[in-house]
Amino acid sequence: MSFLHIENLSKTYTVDDSTFVGVDNISLSINRGEFLSIVGHSGSGKTTLVSLIGGILKPTAGRVLLEGVDICTLDDDKLSEYRAQRIGFMFQFASLLPILTARENVLLPGIFSPDTKTDNAKVARDLLEMVGIGEKLDSYPSQLSGGQQRRVAIARALLNNPDIILADEPTGDLDEDTEAEIMHLFEEINKKKGVTIILITHNLELAGKAQKKLRMTKGQLVGI
Amino acid sequence: MAKISFFSVAFKNLKRKTFRTGVLVFAIALLVSLLIFAISFTVSVASSLKKSSQRLGADLVVVPVGARGFAEEFLLESKNTSFYMPFSIIEKVKKIEGIDTMTHHTYLSSISGLCCDIVPTRIVAFNPATDFIINPWLQKSLGRPLQLGEAIAGAGTSENLGLGLLDIEATIFDNRFKIVGELEKTGTGLDHALFMTEENLNNIIESGKSPLKKGEISIIFTKLKKGFDPDFVGRVLEGEIPEVDVVARSGMGEKFLNTLADINKIFLLTTVLASVLTTFLVWAIFSAIANERSKEIGIMRALGAKESHIVKLYLIEVLVLGLLGSIIGVLAGTYLSALLAGSFSLLKNISAGLTVGQQAAIALVGLFIGTAICVAGAMMPINRIKKMEPLLVIKEE
Ligand SMILES: Nc1ncnc2c1ncn2[C@@H]1O[C@H](COP(=O)(O)OP(=O)(O)OP(=O)(O)O)[C@@H](O)[C@H]1O
Ligand SMILES: [Mg+2]
């Protein structure tokens, strides 16, 4: 049995009377510690797919099994725990809370999943140093550039030591150097900590660094 | 801050729009102060009436027919009225089955003959031999019976007379009296009277300067033998003696309480309307807040926030708002009640006043209702947002 198993997964969006296909009958198995990249045209269903895997969207049909447990059947508390403890989300769009500083944004997942063993304050500082925001710990998102905000969001996704990182175009508006740094970071946590990574990107070069490369078209997955 | 908690996030949320927060706090404060005022008013009136009738210590009060209302006004509200019936009624009342002990008072209105310019005061003449109403108070304050030529002031009267000075001489209907002290406050209408024995009153009557004729009394207080129902004995009394009306202790102040019930209805209607309005306001503002922050709520959900976490976060925010508004409202309402108490003749005439315990209870009620309304108004929009799928609210803008 594979670590993460996706079975006949479909998601159609219904708006008024018309339906839009987001993900169309996808089946996929991912091993623990695998680094997977997904490329595809805009609107092909990439965000929909990772949202289904991350448990922030309910599928129309099919199952998402993590270690044999179908996350779609979990109740809200259990599903929230799944998101808090196993998943690290990096969204395609700006996702920092404007009222919180960089440091507080990184700490936010910690209050939803209290863990007394680790010193979150230290972890957060280290993560922000690592993504190069060590100087701007107490800046608010409005005081940060788009790329800096993105880096804070990356640090935030790592706070709870997730098993799976779902990165939806995480380097979309970063310069090439930073992009390379982030990629290096991903490779490192993938190798050293054995974290499973699903990376969505438009950058074929970046995608090429993954162990497994997939392409999405019209809600379906094809190998490259 | 190197650490965050639900509280710190909620407080940061509160500080986002200080004007809006201020408006909400103000609205709640307004509602709660209205509530406090309304409750204080009705409770103080009702409880002071009850206290007064209990303090009198009589089971049945017998008055001339038609004077029931006057008697209540006199005893409970300290209005200055007079009513009389012949002395012979006493004998008739005595014969009624169930009557144990009885005593009578004669009330003499307005002592314009008193030395200086003073507010008209009532004179209460009592019979020291049979009395069970005044004697206990007299015993406490003076420690001896009143002598001929002596009078004692009720607690409220001495203020009127400007009596800090005891042992002053007063002229009442051309008779000299020595005012030997003042009674303790009793919380009844009798606080506003000047007391003397019947003998003294007879002297005034003989001098011919008062409107009163000899052999007239105003009121008879009776105590019943054990096991007799006051209402039943009262009906028998009224049936046997057509010249009198009877008020049972439980029925004391009924007319007044009926008026009060109407005032209560108005207060109730006003507060209910104000509550609905405030709930609606809180609902509208929190709907706006929920829509404004729906993306943030979605992000928090994606980061692992449970539905209960979202509720907790907003509950803290709304509780702080509600409590702050309610506390301000309680303070303002209590102050307002104290301030306005003096300008309501209804409250001035009765010996209104709330105990600390009553005030605390009313404050708690206000605090609870103010906060509950806030929570009720805010939870609907929050519940709606928290139920939505995280991705969809994140993208919704
Ligand atoms: N809330 C929605 N309601 C209706 N249709 C939707 C909704 N969200 C997505 N879709 C549709 O589902 C399809 C897949 O969308 P999705 O966001 O997954 O694409 P994507 O591959 O992430 O695109 P991009 O590269 O632009 O981010 C699109 O055709 C889109 O129009
Ligand atoms: Mg997308």
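Note that the structure is predicted; figures quoted are calculated from it, not measured.

What am I meant to see in the overall build of chain B here?
Of regular secondary structure, chain B possesses 14 helices and eleven strands. Put simply, 82% of the contacts in chain B that link residues at least 6 apart link residues at least 24 apart. For chain B, the exposed area adds up to about 17,900 Å²; of that, 63% sits on carbon and sulfur atoms.

Help me out: how do you make sense of the site of ligand 1 in this one?
By nearness alone, 18 residues border ligand 1, and S42, K46, T47, T48 and Q92 of chain A come closest of all. Near ligand 1, residues from chains A and B are present, making the site a shared one. Contact distances for ligand 1 include 2.8 Å between an oxygen atom and a backbone N or O atom of G43 of chain A. Residue S44 of chain A places a main-chain N or O atom 3.3 Å away from an oxygen atom belonging to ligand 1. Burial of ligand 1 by the surrounding chains reaches 72%, relative to a free accessible area of 630 Å². Among the secondary structure elements, those contributing two or more residues to the shell around ligand 1 are β1 (4-15), β2 (18-30) and α1 (46-53) of chain A together with α14 (390-395) of chain B. Here the shell around ligand 1 is built from residues that sort into five nonpolar, ten polar and three charged.

Any chance you could explain the coordination of the magnesium ion (ligand 2) here in plain terms?
All names here are of chain A. For the magnesium ion (ligand 2), the full set of protein donor atoms is T47 (OG1) and Q92 (OE1), and the range of their distances to it is 1.8 to 2.3 Å. Taken together, the residues span a long stretch of sequence, with T47 in helix α1 and Q92 in the loop between β6 (87-90) and α3 (102-112) at a distance of 45 residues. Accessibility expressed as a relative area gives 17% for T47, which makes it buried. The exposure class assigned to Q92 is partly exposed, which follows from its relative accessible area of 31%.

What exactly am I supposed to notice about unusual backbone geometry here?
Among all residues except glycine, the phi angle is most often negative; among peptide bonds, the trans geometry is most common. Residue and element names in this part refer to chain A. Even without a glycine there, the phi angle at D16 is positive, about 55°. Backbone geometry at E169 places phi at a positive 45°, although glycine is not the residue there. The residue E169 is located in the loop between β7 (164-168) and α6 (176-193) in this model.

I'm lost on the interface of chain B and chain A in this one. Help?
Much of the literature gives interface size as the accessible area that the parts lose upon coming together. Residue-level contacts link 28 residues of chain B with 34 residues of chain A. Broken down residue by residue, the surface that chain B buries against chain A is led by I4, L303 and L391 of chain B, which jointly contribute 24%. Counting across the chain B and chain A interface gives three salt bridges. For E81 of chain A, the salt bridge identified is with K306 of chain B, shortest N-O distance 3.0 Å. One can count twelve residue pairs in polar contact (both at pLDDT 80 or more) joining chain B with chain A. Elements supplying a minimum of two residues to the side of chain B that touches chain A: α1 (6-14), α10 (294-302), α11 (307-341) and α14 of chain B. By residue class, the composition of the side of chain B that touches chain A is 14 nonpolar, four polar and ten charged.

Explain the pattern of salt bridges to me, please; I cannot follow it from the model alone.
Charged atoms that come close allow side chains of opposite charge to pair. Summed over the entire model, instances satisfying the criterion amount to 20 salt bridges over all chains. Residue E104 of chain A is joined to K12 of chain B by a salt bridge in which the shortest nitrogen-to-oxygen separation is 2.7 Å. With E104 of chain A in helix α3 and K12 of chain B in helix α1, this pair bridges two chains. Residue classification places E104 of chain A among the buried residues on the basis of a relative accessible area of 2%. Salt-bridge contacts for K122 of chain A lead to D126 of chain A; the nearest nitrogen and oxygen are separated by 2.8 Å.

For this particular structure, what's the right way to read helix α5 (residues 146-158) of chain A?
What sets the pattern is the α-helix's 3.6 residues per turn: residues three or four places apart point alike. Taking 1.5 Å of rise per residue, the 13 residues of α5 of chain A would be expected to cover 18 Å, and the 19 Å separating its terminal C-alpha atoms lies within 8% of that figure. Across the 13 residues that make up α5 of chain A, a large majority, twelve, are buried. Within the sequence span of α5 of chain A, burial applies to G147, Q148, Q149, R150, R151, V152, A153, I154, A155, R156, A157 and L158 of chain A. The secondary structure elements touched by the buried residues of α5 of chain A are β6, α3, α4 (120-130), β7 and α6 of chain A together with α10 of chain B.

Sorry if this is basic, but what is going on with the pairing of β7 of chain A here?
Taken residue by residue, a regular strand's side chains alternate between the two faces of the sheet. Residue and element names in this part refer to chain A. For β7, the buried fraction is high: five of the five residues fall into the buried class. Every second residue of β7 is oriented toward a common face, with I164, L166 and D168 on one face and I165 and A167 on the other, all of them buried. Two strands pair when backbone bridges link them, and β6 and β7 are joined in this way by four bridges, in the parallel orientation. Residue pairing across strands places G88 opposite I165, the latter belonging to β7. Bridge count between β7 and strand β8 (residues 196-200): five bridges; the pairing is parallel. Bridging from a neighbouring strand, L166 pairs with I198 of β8.

Sorry, what's going on with the confidence of the model for chain A here?
Note: predicted coordinates in regions of low pLDDT should not be interpreted at a detailed level. A residue-level look at chain A finds 99% of positions with pLDDT of 70 or above and a mean pLDDT of 89. Considering each helix and strand of chain A separately, the mean pLDDT is smallest for helix α7 (residues 204-208) of chain A, with a value of 83, and largest for β8 of chain A, with 94.

Thresholds applied
Residues numbered from 1 in each chain as written. Chains lettered and ligands numbered in written order. Predicted model: local features only at pLDDT ≥ 70, side-chain atom pairs only at ≥ 80, totals over all residues. Heavy atoms only, no water. Helix = DSSP H or I, 4+ residues; strand = E, 2+ residues; numbered from the N terminus. Contact = heavy atoms within 4.5 Å. Areas by Shrake-Rupley, 256 points an atom, 1.4 Å probe, with all protein chains shown as cover. Near = heavy atom within 4 Å. Polar contact = N/O pair within 3.5 Å; in protein donor to acceptor, adjacent residues only side chain to side chain. Nonpolar A, V, L, I, M, F, W, Y, C, P; charged D, E, K, R; others polar. Donors = N, O, S within 2.8 Å, 3.2 Å for Na, K, Ca; no water. Buried < 20%, exposed > 50% of the residue type's maximum accessible area, 1.4 Å probe, protein only. Buried area = accessible area lost by both parts, 1.4 Å probe. Salt bridge = Lys/Arg side-chain N within 4 Å of Asp/Glu carboxyl O. Expected span 1.5 Å × (residues − 1). Pairing = 2+ DSSP bridges. pLDDT = per-residue confidence, 0-100.

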